[in-house]
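Results of the structural survey
The lines below spell out each chain.
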Amino acid sequence: MISLQNVTKIYDNGSQALKNVSLDIEKGEFVFVVGSSGSGKSTLIKLLLKEVEPTSGNILINDENIAQISRKEIPYLRRKIGVVFQDFRLLPSKTVYENIAFAMQVVEATPREIRRTVPAVISMVGLSKKAKAYPNQLSGGEQQRVALARAIINKPPVLLADEPTGNLDPETAWEIMSLLKDINMRGTTVVVATHAKEIVDAMQKRVIALKKGVILRDVREGGYNDEI
Amino acid sequence: MMKFRTLKYHIRQGISGLFKNRLMSLAAVITVMACVFILIISLCVVENIGYILDQLETKIGISVFIGDNISDKDVSFIEQKLKEVSHVSDVKYISKDDALEWGRKNFNGKEFLAGLEEDNPLPRSFDLFIDSSENQRVVIDAIEKIQRDFEEDSVSKKVEENFKNSIIQQKKDENSENADLNIEQIDDSSKDADGVTLEEHKKAAISAIGGEGYEYAGIYKISAPQSAADSLAAIKNTVRIISIILIIVMGIISTSIIINTIKLTVLIRKNEINIMKYVGATDWFIRGPFIVEGLFIGIIGAIIPCIISWFSYDEIINIINQDVSIVKRLFEFSPGSELFAFIIPISLIFGGGLGALGSITSVRKHLKV
Ligand SMILES: Nc1ncnc2c1ncn2[C@@H]1O[C@H](COP(=O)(O)OP(=O)(O)OP(=O)(O)O)[C@@H](O)[C@H]1O
Ligand SMILES: [Mg+2]
């Protein structure tokens, strides 16, 4: 599903974010990417979204080398990848419903499809009662649910999350994580970059630990700080 | 192919963008208005200069002066020939009296024209009008040919007459019985006493033509204001170039102002663009609403000055015609309906294009995510 082969990313200012990283993620996997600040987690996610280009190495998604796709094709790559961030990135002027429907309008779905799909996804993330609320009327956890709903509304095979619980209290963080697990259970490959030690330890999923741009550890069912 | 609902989405978003940033939209509309106004004014000026030059061009004629000694019959013969010259649109005969009348009207010092009625020294002439000043040279060449032909013809006739007379004289001298020799019998091959044929006499006389001007002078002078025609052509070219430069400069100035205005609305929507990129919107989908917004700004900004200038154009022309009365006698201004039939579409395209171009440029930076 996702494959990095000897990927190195050196930013224009010379900082080496990833050094010769190789990894494979299978379809339907749930993967935590952990590591201290500056270890390269966000860079990894940006590479998968083709937001930044690798300095060297290949990145394959669904056996397609994304280094070779043109600028014009990027939108179609991104339609296969849902993404959520620490800061939710909702549109303040749109309601919950509109924020989610927006992602479908962008891919030119029909109004009928939108009317049918959006309420279902809203209910899946447990926000049916808040469909008409604006983001500033929601708690952080609720906002992240909206962001998650938006990320999966177009049914992408892959969901990326860059510190999705970074702004949330532990209890809410748990809710979001279990929602991610639900999404994964429905067949979506999920990659979560996170600092949330307790959750990683408790969930016993695959953990890829980065340190200064290199893979320190890659364990099938591990915790945040497992010995090598 | 863009889906209809997408187009609807773009239009709805674009219009809502206009109203969300009301002040900015207003500023942009005013900017476009100012630019389109200047564009319309310069187009009006340029077009009128062209229109007036065209009129003056047809008024630059060629004057063909007729010798005093030729008969009225010859004059109408020459008139006929002049009318047959190609590129000549009109031939106007000016009699001696006409010439004097014209002189009276156009020169204030009437005194020096006084007393000329009895013995009018002014020549008869023709005024020729040509279709375009570019053809002046060809027409003059043709007139010169008519001039030459007429002269040759007259010289030939004269030589023939002299020849006949000399033959008759000769026969008389010889006291011949048939002294009243029928002159019809004489032709080009007839010989005189010295054995020279009439044809040879004619040739000699024709080759002598032109040494000191034309003796018979059907046309004794051709007067054409070559320099006026040249400078008209030059003015037309200059006007053309200036108008092109003006439109380009206006385009650049107003595009940069619009870019800066729309940049602000784009900046406000930066988050929105970012999110659209993450959920897989194509560049054109993101540009759509901004293009609609820019088009609206541009077209509204163009319509208003179009309407204002269209209604005031005829008024202004009337005022100029009334206050500067010589203008009316020399030329006419371009009629408003004709002028605005092309100024309005140009302005709308200019305004709309400007708006769309401004939006596309403003969004460009934010698409690189
Ligand atoms: N746009 C950029 N330009 C230059 N250097 C960058 C850029 N983005 C990241 N870096 C550098 O690359 C390295 C990896 O950064 P990255 O954001 O991937 O780390 P991270 O693991 O996500 O950290 P955090 O946990 O704090 O989010 C850092 O040293 C950072 O300074
Ligand atoms: Mg990060």
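Quick look at the structure, then. What you see is a predicted model, and the numbers here were worked out from it, not measured in a lab.

1. Things to note about the overall build of chain A
In terms of helices and strands, chain A carries seven helices and ten strands. When each of the 228 residues of chain A is scored for burial, the buried share is 54%. Pairs at least 24 apart in sequence give 68% of the contacts found in chain A among residues at least 6 apart.

2. Quick notes on the sheet that holds strand E3 (residues 124-130) of chain B
Residues and elements named next belong to chain B. Here we have four strands laid out as an open sheet, ordered E2-E3-E1-E4, and antiparallel in their pairing. With one partner strand each, in any of the chains shown, strand E2 (88-94) and strand E4 (219-223) form the two edges of the open sheet. If you compare each strand with its neighbour and ignore which way they point, the axes differ by 20° on average. Pairing analysis gives six bridges linking E2 to E3, with the strands arranged antiparallel. Within E3, the position partnered with Val88 by the bridge is Ile130. Across the face of the sheet, helix H3 (residues 72-84) comes into contact with strand E1 (61-66), E2, E3 and E4 while running at roughly 10° to E3. Contacts from helix H5 (residues 136-173) reach E1, E2, E3 and E4, with the element oriented near 175° to E4.

3. Let's talk about the site of ligand 1
Residue and element names in this part refer to chain A. As a matter of local geometry, ligand 1 sits amid 14 residues, with Ser37, Gly38, Lys41, Ser42 and Thr43 nearest to it. Residue Thr43 places a side-chain N or O atom 2.5 Å away from an oxygen atom belonging to ligand 1. Side-chain polar atom of His195 to an oxygen atom of ligand 1: 3.0 Å apart, as the coordinates give it. Its free accessible area being 630 Å², ligand 1 has 65% of it covered by the protein chains. Considering each element in turn, the shell around ligand 1 owes the most residues, three residues, to helix H1 (residues 41-48). When the residues that make up the shell around ligand 1 are grouped by side-chain class, the tally is two nonpolar, ten polar and two charged.

4. Brief notes about the interface of chain B and chain A
Counting residues at the interface gives 21 residues for chain B, matched by 26 residues for chain A. Here chain B packs against chain A, burying approximately 2,000 Å² in sum over the two surfaces, 58% of which is carbon and sulfur. Three residues stand out in chain B for area buried against chain A, namely B:Ile275, B:Tyr278 and B:Val279, and they jointly supply 35% of the buried area on that side. Across the chain B-chain A interface, the total number found is one salt bridge.

5. Details of the packing of aromatic side chains
Residue and element names in this part refer to chain B. Applying the stated criterion to the full structure yields seven aromatic pairs over all chains. Relative to Phe285, the ring of Tyr9 lies with its centre 5.1 Å away and its plane at 20°, an arrangement referred to as stacked. Pair noted here: Tyr9 is in helix H1 (residues 4-20) and Phe285 is in helix H9 (residues 283-323), with a separation of 276 residues, a long-range link. Ring geometry for Tyr93 and Phe126: centres 5.3 Å apart, planes at 50°, overall tilted. On the criterion of sequence distance, the pair formed by Tyr93 in strand E2 and Phe126 in strand E3 is long-range, its members being 33 residues apart.

6. Focus on H9(B)
In a regular helix each residue adds 1.5 Å, so 41 residues correspond to 60 Å; H9(B) covers 57 Å between its end C-alpha atoms and thus fits that length. Maximum bend of H9(B): about 35°, positioned at B:Ser312.

7. A closer look at the sheet that holds strand E6 (residues 81-85) of chain A
All names here are of chain A. Pairing is mixed across the open sheet formed by six strands, whose spatial order is E6-E7-E8-E3-E9-E10. What marks the edges here is a single partner per strand, and that holds for E6 and strand E10 (214-219). Taken pair by pair, the neighbouring strands of this sheet meet at an average axis angle of 15°, ignoring direction. Packing of helix H6 (residues 170-185) onto the sheet brings it into contact with strand E3 (30-34), strand E7 (158-162) and strand E8 (189-193), and relative to E8 it is tilted by some 155°.

8. A short note on the environment of B:Ser254
Along the chain, the position of B:Ser254 falls in helix H7 (residues 226-268). For B:Ser254, the contacting residues outside a window of four places in its chain are B:Cys35, B:Phe350 and B:Leu354.

9. As for helix H5 (residues 140-152) of chain A
All names here are of chain A. Its 13 residues place the ends of H5 19 Å apart at the C-alpha level, agreeing with the 18 Å of an ideal helix rising 1.5 Å per residue. Burial of H5 is extensive: twelve of the 13 residues sit out of reach of the surface. Of the positions making up H5, those classed as buried are Gly141, Glu142, Gln143, Gln144, Arg145, Val146, Ala147, Leu148, Ala149, Arg150, Ala151 and Ile152.

10. Description of the nonpolar core
Residues A:Phe32 and A:Leu180 are the most contacted members of the largest nonpolar core, which totals 88 residues. Among the elements that take part in this core, helix H2 (residues 22-59) of chain B stands out by supplying eleven residues, more than any other. In contact with A:Phe32, other than residues within four places in its own chain, are A:Met177, A:Val192, A:Thr194, A:Ile199, A:Val200, A:Met203, A:Lys205, A:Arg206, A:Val207 and A:Ile208. Core analysis: the second largest hydrophobic core is formed by 31 residues, A:Ile61, A:Leu77, A:Ala193 and A:Ile208 among them.

Calculation notes
Residues numbered from 1 in each chain as written. Chains lettered and ligands numbered in written order. Predicted model: local features only at pLDDT ≥ 70, side-chain atom pairs only at ≥ 80, totals over all residues. Heavy atoms only, no water. Helix = DSSP H or I, 4+ residues; strand = E, 2+ residues; numbered from the N terminus. Buried < 20%, exposed > 50% of the residue type's maximum accessible area, 1.4 Å probe, protein only. Contact = heavy atoms within 4.5 Å. Pairing = 2+ DSSP bridges. Axes fitted to C-alpha atoms, helices over the stretch in contact; angles between N-to-C directions. Near = heavy atom within 4 Å. Polar contact = N/O pair within 3.5 Å; in protein donor to acceptor, adjacent residues only side chain to side chain. Areas by Shrake-Rupley, 256 points an atom, 1.4 Å probe, with all protein chains shown as cover. Nonpolar A, V, L, I, M, F, W, Y, C, P; charged D, E, K, R; others polar. Buried area = accessible area lost by both parts, 1.4 Å probe. Salt bridge = Lys/Arg side-chain N within 4 Å of Asp/Glu carboxyl O. Phe/Tyr/Trp six-rings, centres within 6.5 Å; stacked < 30°, edge-to-face > 60°. Expected span 1.5 Å × (residues − 1). Bend = angle between axes of the 7 residues up to and from the residue. Core = buried A, V, L, I, M, F, W, Y, C linked by side-chain atoms within 4.5 Å.

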